[in-house]
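Per-entry structural report
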Amino acid sequence: MPRKPKEHYKKLPSLYTSLLIAFTLVLGSFMALFSGFSLPIISSRIQANINSLLDRSLIIAWHEYNRFFRETKANLDIIASLKGVTALFSGGDAGEVAGLLNNRPQVDFWQAIDNQGRVIAASGRSEGDPTASIAGLFRESWAGGETLTSSEVVPINTITYLNPGLKDRVLVEIKDLDGQSTNTFFNGALIQVVAVPVKVEGQILGCLVAGHLLNNDYEIAGNYTHKVPGSFLSIGVQGVRIAANIQGASRMNFVGLPQPPTLVTTIEAGKRYIGQAQISPGEIHLVVSDPIYNSTGRIIGEFSVGVPSQGITNIKRDTFLAILAALAICLLLGLILAAFLSRRITRPVTTFSHLAKEISQTESVTKEHIDRLEQINVPDIQEIWYLQRCFNRMARSLYQKCKETETYMQELENDRRQLQHLADELTEANSLLEKRVEERTGELKKAVIELKALNHLKTQFLANMSHELRTPLNSIIGFSEMLADELFGKLNPTQKEYVEIVLRSSRHLLQVISDILDLARIEQGKIVLNKERVNLEELIQAVVTIIKPQANGRELELRVDIQPQLPQLAIDPVRIKQVLYNLLSNAIKFTAPAGKITLRAWYKKDEVAVSVRDTGIGIKPEDQQRVFDEFYQCESLYQRKFEGVGLGLPLSKKLIELHQGRIELQSKYGQGTEVIFYLPAGKLSQESSEGGQQDGKPGSRSFAG
């Protein structure tokens, strides 16, 4: 490449000018790209935040709408449990009920309806069936025994029937788009209704019905606006606002005005409406609406919240202006900073260039040149700092290199000595650790021996206590039976009921003590099996005969399916009956009425299997691994619904294992549980079963309990 003339280099821009131009172009490009990409994104995010604000506002509004349901349900549940209320349904006075319900500020009307559908007390007239919607809600509450809530639209005369004092409040005058009166009134009323059944000892006597009128209601809207300032709430039926707290520039009362057709059409289609509504000429509000459903699932109205759009428009405009102003200020500050940085970066380079020119024009490098190089103040930039270091290295001598090498070797020797010292310390620490581990192992062995001794003491204590408790408990049961049989005189109904409770509780406690004693004897190895040849089918029939009345009492279907020609087993019949009774009792306890319990028995692969399967509540997966633990129950102490101490399955498992058998459990939560135990069959048993079916299904005999 040919060398360019000296005049050409003089025409080139300086490093400072080049850097300043580069910084300016980069900042300008960045600001332009930022504006082009960020402004649309910010605009869309503002709109998304507006929609999110409307959605959250609607959630708050629904919470206020449902407050009547929550509070009234809680109050009616308390009132329904009072003796005065139950006495009312038995022909008593309605004064207490009226006093409690008439003092509720949110309850505009109420009725007490018996289980025949008759109104026995009310805030208005108390004869007849006031309206089909309320009667239908009552029938669902009475039939299901549950509290029901609903929003309904009823004729105006129904409201005056329920409470004559609501005659003026229920009227909503219909107006045209200009707010002018049409001299007509909306012939409907939107009400909130709560029906709570009244029960005595599980029997439904009727229900209490309480309602709230939403026509011309400002409480819900006022509470909502208090929580979301600047927003409003509106309730409409058939395209007419029946309650609202909208505040416009030219009108304050919007009750009776029609709603936008697009909003009404969207709500009638069962969809949420998000859009705009023109309150008055030139005044637009942002609105979000949800349908209101009645007890049958039909859309009867709409529930809306909104905010004036003027404030949102100002927010968008102010946001864009603030962003543009910030960009301009940032650009100006960036240019000032670019000029400062460019000058600071180029100053040492300019000094280096002048000094290099001076050194190139001299015959030798002097100490003064080296000092001047070291005195140049360079910025914290790697390349410039490295350039200064390179100039300094050219003036260093080889002796300095040797001194640096010697110093480096000395540092390596010091590091080696330190590593050797650390290795010695690590060896000593390892020896101490092994000694500590050995001592800890001895302590753990001693703790295990002590725990075994404590477990033996626990088992012996349970056995002794169970044995000592059985003697007085048998006396209690014997005397209770004599009292129940009225051997010493007649008892009145209350005394007889209490004696039966004592007898039933004592028998249950005796069974628990017997189970505990059996478990203790098994753990101590003191239980003895009295084995004999037993016909398993006859043994099963004997247990079914005992357990069948319990199943019939809970309206459960008990089916027995036994493979024919089962081999005789060498078992203890009393203990196997105990296992079957425990499994069937658990199935009956945890199966709801109208459920099904199936007991099956079959012979397969040198084993006789017996299965008890139910359609009950089932067991959660996390509890299935622990149901065979002693005293373990799937329910917590605060949520228990079923009696028992958790000994049935553990005792059954130990008894089966004493027979050299095994037991399995399969369960799906909410669908049911199946427990299967297997008993070994001897050689004679196998020969007696030859020729029969091996899977226990084809050719088996079954009957329903």
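Residues numbered from 1 in each chain as written. Predicted model: local features only at pLDDT ≥ 70, side-chain atom pairs only at ≥ 80, totals over all residues. Heavy atoms only, no water.

1. Section: the overall build of the chain
Selection criterion: Put simply, DSSP marks the helices as runs of H or I at least four residues long and the strands as runs of E at least two long, and each gets a number from the N terminus on. Every residue pair with non-hydrogen atoms within 4.5 Å of one another is taken to be in contact. We get accessible surface area from the Shrake-Rupley algorithm with a probe of 1.4 Å; when it comes to residues, only the shown protein chains can shield them.
Scanning the chain for helices and strands turns up 19 helices and 20 strands. Here the analysis covers contacts within the chain between residues at least 6 apart in sequence; of these, 67% occur between residues at least 24 apart. Per element, the accessible surface of the chain, about 42,000 Å² overall, is 56% carbon and sulfur.

2. Focus on a nonpolar patch on the surface
To be explicit about the condition: Each patch is built from residues lacking any salt bridge and having more than 30% relative accessible area; the joining distance is 9 Å for like charges and 5 Å for nonpolar side chains (Val, Leu, Ile, Met, Phe, Trp, Tyr). By definition here, a salt bridge exists when the distance from a side-chain nitrogen of Lys or Arg to a carboxyl oxygen of Asp or Glu is within 4 Å. Exposure is judged per residue with a 1.4 Å probe applied to protein chains only, and the accessible area is read against the type maximum: over 50% gives exposed, under 20% gives buried, and values in between give partly exposed.
A cluster of nonpolar side chains, namely I329, L332, L333 and I336, defines an oily patch on the protein surface of about 420 Å² accessible area. Relative to the assigned elements, I336 resides in helix 10 (residues 309-360). Of the residues examined, I336 reaches a relative accessible area of 54% and is grouped as exposed.

3. A short note on the pairing of strand 8 (residues 232-237)
Under the convention used in this document: Two strands form a pair only when DSSP identifies at least two bridges running between them.
Most of strand 8 is tucked away, with six of its six residues classed as buried. Covered by surrounding structure in strand 8 are F232, S234 and G236 together with L233, I235 and V237, the residues of both alternating faces. Note: strand 8 against strand 12 (residues 299-308), five bridges, orientation antiparallel. Within strand 12, the residue paired with I235 across the bridge is F303. Note: strand 8 against strand 9 (residues 240-244), four bridges, orientation antiparallel. Each residue of the ladder has a partner; that of I235, found in strand 9, is A243.

4. Overview of the sheet that holds strand 6 (residues 189-200)
Note the threshold: For helices, the fitted axis covers only the stretch in contact; all axes are lines through C-alpha atoms, and the angles between them, taken along N-to-C directions, range from 0 to 180 degrees.
Taken in spatial order, the five strands line up as 2-1-7-6-3 in an open sheet, and their pairing is antiparallel. Either end of the sheet is taken by a strand with one partner, and the two such strands are strand 2 (119-122) and strand 3 (148-154). For this sheet, the mean angle separating the axes of adjacent strands, direction not counted, is 25°. The pairing of strand 1 (residues 109-114) with strand 7 (residues 203-213) spans six bridges and is classified as antiparallel. Of the residues in strand 7, the one forming a bridge with W110 is A210. Sitting on the sheet, helix 3 (residues 67-80) touches strand 3, strand 6 and strand 7, and the angle it makes with strand 6 is about 30°.

5. Structural notes on helix 16 (residues 573-589)
Basically, it comes down to this: To estimate the expected span of a helix, subtract one from its residue number and multiply by 1.5 Å. We define a polar contact as two N or O atoms separated by no more than 3.5 Å, with the added condition that, inside protein, one atom must be a possible hydrogen donor and the other a possible acceptor, whereas residues neighbouring each other in sequence contribute only through side-chain atom pairs.
An ideal rise of 1.5 Å per residue puts 24 Å on 17 residues; helix 16 measures up with 24 Å between its terminal C-alpha atoms. Among the 17 residues in helix 16, twelve count as buried, and that is most of the element. Those residues of helix 16 not exposed but buried are P573, R575, I576, Q578, V579, L580, N582, L583, L584, S585, A587 and I588. Two or three places before V574, at the start of helix 16, stands the capping residue D572, its side-chain oxygen 3.2 Å from that residue's backbone nitrogen.

6. Side note on the packing of helix 15 (residues 536-553) against helix 16
So the rule is basically this: By the definition adopted for this analysis, an angle is roughly parallel if under 35 degrees, roughly antiparallel if over 145, roughly perpendicular if from 65 to 115, and oblique otherwise. Should the near helix be turned anticlockwise from the far one by less than a right angle, the crossing is termed left-handed; should it be turned clockwise, right-handed.
Contact geometry of helix 15 with helix 16 gives a least axis separation of 10 Å together with a crossing angle of 30°. What the angle tells us is that helix 15 and helix 16 run roughly parallel. Where helix 15 crosses over helix 16, the handedness of that crossing is right-handed. Contact residues: helix 15 offers L539, I540, A542, V543, I546, I547, Q550 and A551, while helix 16 offers P573, I576, K577, L580, Y581, L584, S585 and I588.

7. Let's talk about the packing of aromatic side chains
For clarity, the cut-off: Here is the rule: rings of Phe, Tyr and Trp (six-membered ring for Trp) pair when centre to centre is within 6.5 Å. Planes less than 30 degrees apart are stacked, more than 60 are edge-to-face, and the remainder are tilted. Think of it as a cone above the ring: NZ of Lys or CZ of Arg counts as a charge over the ring if it is within 6 Å of the ring centre and within 35 degrees of the ring normal.
Overall, the coordinates contain five aromatic pairs when judged by the stated rule. Ring plane angle 80° and centroid distance 5.3 Å describe the contact between W62 and Y65, whose orientation is recorded as edge-to-face. Within this pair, W62 and its partner Y65 are both found in helix 2 (residues 15-65), separated by three residues, close to a single helical turn. Given a relative accessible area of 1%, Y65 falls into the buried group. An aromatic cluster is built from W62, Y65, F68, F69 and F303, whose rings are joined through pairwise contacts. The ring of Y678 has R662 lying over it, and the distance from NZ or CZ to the ring centre is 3.9 Å.

8. Regarding the side chain of S585
Note that S585 resides in helix 16. On the basis of relative accessibility, which here comes to 18%, the residue S585 falls in the buried class. Those residues within four positions of S585 in sequence are excluded, and the remaining contacts are I547 and Q550.

9. A few points about the nonpolar core
Formally: Residues enter a nonpolar core if they are buried and are Ala, Val, Leu, Ile, Met, Phe, Trp, Tyr or Cys, with the set joined through side-chain atoms within 4.5 Å.
Counting residues in each nonpolar core, the largest one holds 50 residues, and the members touching the most others are Y65, L208, L233, I235 and F303. When residues of this core are assigned to their parent elements, the largest contribution, seven residues, is made by helix 2. Other than its neighbours up to four places away in sequence, F303 contacts L58, A61, W62, Y65, L233, S234, I235, V288, S289, D290 and I292. Counting 44 residues, the second-largest nonpolar core is a separate cluster that includes L539, I597, L599 and L651.

10. Points about the confidence of the model for the chain
Low pLDDT marks regions whose predicted coordinates should not be analysed in detail. Counted only if it meets this: What pLDDT reports is the predictor's confidence in each residue, on a scale of 0 through 100.
Scored by pLDDT, the chain has a mean of 76; 72% of the residues are at 70 or more. In this model, residues 398-403 is a region of pLDDT below 50 whose contacts with residues beyond four sequence positions or in other chains number zero contacts. Here residues 683-705 scores under 50 on pLDDT; set against residues more than four positions off or in separate chains, the count is 46 contacts.

11. A closer look at unusual backbone geometry
Despite not being glycine, Q238 shows a phi value in the positive range, around 55°. Note that Q238 resides in the loop between strand 8 and strand 9. Classification of Q238 by relative accessible area gives exposed; the value is 64%. The phi torsion at A594 lies on the positive side, around 75°, for a residue other than glycine.

12. Focus: the pairing of strand 19 (residues 672-680)
Regular strands place side chains that alternate from one sheet face to the opposite one. Across the nine residues of strand 19, eight count as buried, placing the element largely inside the fold. Across seven bridges, strand 17 (residues 607-614) lies against strand 19 in antiparallel orientation. Note that in strand 19 the partner of V612 across the bridge is V675. The pairing of strand 18 (residues 662-668) with strand 19 spans seven bridges and is classified as antiparallel. Considered in strand 19, the bridge of E664 is made with I676. Here strand 18 folds back onto strand 19, and the loop between the two strands holds three residues, one of which, G670, carries a positive phi near 90°.

13. Observations regarding the pattern of salt bridges
Evaluation of the coordinates by the stated rule reveals 15 salt bridges. Salt bridges sharing common partners tie together E64, R67, E71 and K227.

14. Regarding the environment of L54
Positionally, L54 belongs in helix 2. If sequence neighbours within four positions are ignored, L54 has contacts with L286, V288, V305 and V307.

15. Quick look at the side chain of Q563
Looking at where Q563 falls in the secondary structure, it is placed in the loop between strand 14 (557-562) and strand 15 (569-571). A distance of 2.9 Å separates a polar side-chain atom of Q563 from the backbone nitrogen of Y603.

16. Focus on the environment of S304
Along the chain, the position of S304 falls in strand 12. S304 sits 41 residues away from L263 along the chain, and the two C-alpha atoms are 9.7 Å apart. Discounting residues that sit within four places of it in the chain, S304 has contacts with F232, L233, S234, L263, V287, V288 and S289. Only 2.5 Å separates the side chain of S304 from the side chain of S289, close enough to count as a polar contact.

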